[in-house]
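Residue-level listing of the chains:
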Amino acid sequence: MKKILFINDYVSGGGVEKVMSDLINHLPKNEYDITVGAMIKNDDYTKLYSNDIHFLKISSDFDNLINNTNIIAKIINKIFRKYCIKKQQKWVNNEYDIVVAFKEGDCMKWVSNLDKPKKLSWIHVDYSVFHWTGALFKNNKQLEIKCMEKFDKIICVSKGVKDGVNQVLGDISNLEVCYNPIDCEQIIRKANENVEDLVKPKDRLLFVTVGRLTNQKGYDRLLEICCILNKENYNYELWIIGEGEDYNELQSTIQKNKLENVKLLGVRKNPYKYMKQADWFICSSYFEGFSTVLQEATVIGIPILTTNCAGAKELLGNNEYGIIVDNDFEGLKNGMRDLLVKDDLLNYYRNKVIQRQGFIDLKLRVKKIIDLF
């Protein structure tokens, strides 16, 4: 039995963490002894994983021995962190057969310093739009390339992500495209649960969007577009599901502009049953790697309107299975307006999205990843 360690910055909280738990929960337990390592442990750990999945707290650059900001404390903390990291890396070297950095950035840097285990890393973001890891390598591309070359494989979650890495860093030889595992059976089961706290409007289209309430997701421009559509007297409703640092700002915008047809629902334990109520799923993101929730909407059978992010065309083709608009304000506004005036689009894309569900095959996606192990 091979011992495998997955490392992420968090155990739960976002799309990357959800994908990691879906993958781990579908790996054959008779072949792998699995440990989840995280730099920050969330309380949801026991809810996401069975008792046979172990947990390891990963020593990181954020750990402090002394909670003080004076210069002496900073020096002590820096020495302490380096000692703990090196000591733990030495132990991991001898303890595990495979180590996976399930996220780019700090996790990738941490795992790159290991010698003995087989090493893999994931990249979930389009570097050509948001190369956030550059700062970790002091904006020295050669340092980042050397880090990536230490891995047996760097797994990109879409062809768009792979193209973005090559565009920014050059031709990296060990890149591999693997689509994220999506647990279709679980999604469908949860989507069929009843919604008891909200009623779907009968006299207007319902748009639903789900995501972390951060700038990346473009909810600021989505609400601005809603202000315009409301002034033009379009009849629709929008549900926004998620939590994040922009919650209060978005709520303030809704109240200030009297967007009574927009509901900021916050986090929902089961977002899928709310998604199923939608006539259209909206993705307003500025950038993605390959949106998990777009694939989940496809599984449920919801027609999709999305901005043009990495992975969108891989899922929807050239507007064959859903509508992809230019990733700017006008593109998203005109796309939503079209949905409100062209009644034939709804039935057309309801049929087309169902045809695309076969693209999302959990067993095939997990098998491709296992083959890399």
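Residues numbered from 1 in each chain as written. Predicted model: local features only at pLDDT ≥ 70, side-chain atom pairs only at ≥ 80, totals over all residues. Heavy atoms only, no water.

1. A look at the pattern of salt bridges
Here is the rule: Any Lys or Arg side-chain nitrogen located within 4 Å of an Asp or Glu carboxyl oxygen qualifies as a salt bridge. Every helix listed is a DSSP run of H or I at least four residues long, and every strand listed is a run of E at least two residues long, numbered separately from the N terminus. Type-normalised accessible area, obtained with a 1.4 Å probe on protein chains alone, sets the label of each residue: buried when under 20%, exposed when over 50%, and partly exposed for intermediate values.
Applying the stated criterion across every chain, the model contains 15 salt bridges. One salt bridge in this structure joins D197 and R268, with 3.3 Å as the shortest N-O distance. In this pair, D197 sits in the loop between α7 (184-191) and β8 (205-210) while R268 sits in the loop between β10 (262-266) and α10 (272-275), placing the two residues 71 residues apart along the sequence. On the accessibility criterion, D197 (44% relative accessible area) is partly exposed. On the basis of relative accessible area, R268 is assigned to the partly exposed category, the value being 24%. Residues D371 and K367 are paired through a salt bridge, measuring 3.1 Å at the closest nitrogen-oxygen approach. Placement of the pair is D371 and K367 together in helix α15 (residues 362-372), with a separation of four residues, close to one helical turn.

2. Side note on the nonpolar core
Here is the rule we go by: Think of a nonpolar core as a cluster: buried Ala, Val, Leu, Ile, Met, Phe, Trp, Tyr and Cys residues, connected wherever their side-chain atoms sit within 4.5 Å. In this analysis, two residues are considered to be in contact whenever any of their non-hydrogen atoms come within 4.5 Å of each other.
The biggest cluster of nonpolar side chains holds 95 residues, and the ones touching the most others in it are F6, M275 and F373. Excluding its chain neighbours within four sequence positions, the residues that come into contact with M275 are V208, V210, F281, V293, E296, A297, I300 and I302. With 30 residues, the next largest nonpolar core counts Y236, I240, L250 and L305 among its residues.

3. Describing the packing of α7 against helix α11 (residues 292-300)
This is how it is decided: Comment: axis = line fitted to C-alpha atoms, over the contacting stretch for helices; angle = value between 0 and 180 degrees taken between N-to-C directions. Here is the rule for angles: anything less than 35 degrees is roughly parallel, anything more than 145 is roughly antiparallel, 65 through 115 is roughly perpendicular, and the remaining ranges are oblique. Two helices cross in a left-handed way if the nearer one is turned anticlockwise from the farther one by less than a right angle. They cross in a right-handed way if the turn is clockwise.
Here α7 crosses α11 at 65 degrees, and the two axes come no closer than 9 Å. Here α7 lies roughly perpendicular to α11, going by the angle between them. Along this stretch, α7 crosses α11, giving a crossing that reads as right-handed. Of α11, the residues touching α7 (which contributes C184, I187, I188 and A191) are E296, V299 and I300.

4. Section: the state of the cysteines
Worth spelling out the cut-off: What counts as a disulfide here is a pair of cysteine sulfur atoms lying within 2.5 Å.
Counted by the stated rule, this structure contains zero disulfides. For the unlinked cysteine C147, the closest cysteine sulfur is that of C107, found at 11 Å. Taking relative accessible area as the criterion, C147 reaches 5% and is therefore assigned buried. Free cysteine: C184, not disulfide-bonded; nearest cysteine sulfur from C178 at 17 Å. Residue classification places C184 among the buried residues on the basis of a relative accessible area of 17%.

5. As for the side chain of T298
Within the secondary structure, T298 sits in helix α11. Leave out the neighbours within four places in its chain, and T298 touches I304, L315, V353, R356, Q357 and I360.

6. What about the layout of surface pockets?
Note the following rule: Cavity: a set of points on a 1 Å grid over the protein atoms alone where a 1.4 Å probe fits but cannot get out. Pocket: an open set with protein on both sides within 12 Å along at least five of seven lines, its lining residues, like those of a cavity, having an atom within 4 Å of a point. Grid points are joined across faces, edges and corners, and a volume is the space filled by probe spheres set on the points.
Counted as a void, the second largest pocket has a volume near 600 Å³. Around the second largest pocket, the lining comprises 24 residues; the ones closest to its centre are D61, K109, W110, N113 and L136. Where the lining of the second largest pocket is concerned, the elements lending two or more residues are α3 (71-95), α4 (106-112) and α5 (141-149). With six residues, α3 is the largest single contributor of residues to the lining of the second largest pocket.

7. Remarks on the pairing of β8
For clarity, the cut-off: Two strands qualify as a pair provided that DSSP identifies no fewer than 2 bridges between them. Looking down the strands as they point away from you, a crossover is right-handed if its path from the first strand over the helix to the second goes clockwise.
Within β8, six of the six residues are buried, which leaves it mostly tucked inside the rest of the structure. Of the pairings in the sheet, the one linking β8 to strand β9 (residues 236-241) comprises six bridges and is parallel in character. Note on β9: the bridge partner recorded for L205 is Y236. Note on the crossover from β8 through helix α8 (residues 219-231) to β9: the handedness is right-handed. In this sheet, strand β11 (residues 280-283) lies alongside β8 in parallel orientation, the contact comprising two bridges. Of the residues in β11, the one forming a bridge with V208 is F281.

8. Examining the sheet that holds strand β2 (residues 32-40)
In spatial order, the strands read β3-β2-β1-β4-β5-β6-β7; together these seven strands make up an open sheet with parallel pairing. Two strands lie at the open edges of the sheet, namely β3 (54-57) and β7 (175-177), each paired on one side alone. Sheet twist, expressed as the mean angle between neighbouring strand axes with direction ignored, is 25 degrees. Here strand β1 (residues 2-10) pairs with strand β4 (residues 98-101) via four bridges, running parallel. Directly across from I4, in β4, lies its bridge partner I98. Against the sheet, helix α1 (residues 15-25) contacts β1, β2 and β5 (118-123), and its axis sits at roughly 165 degrees relative to β1.

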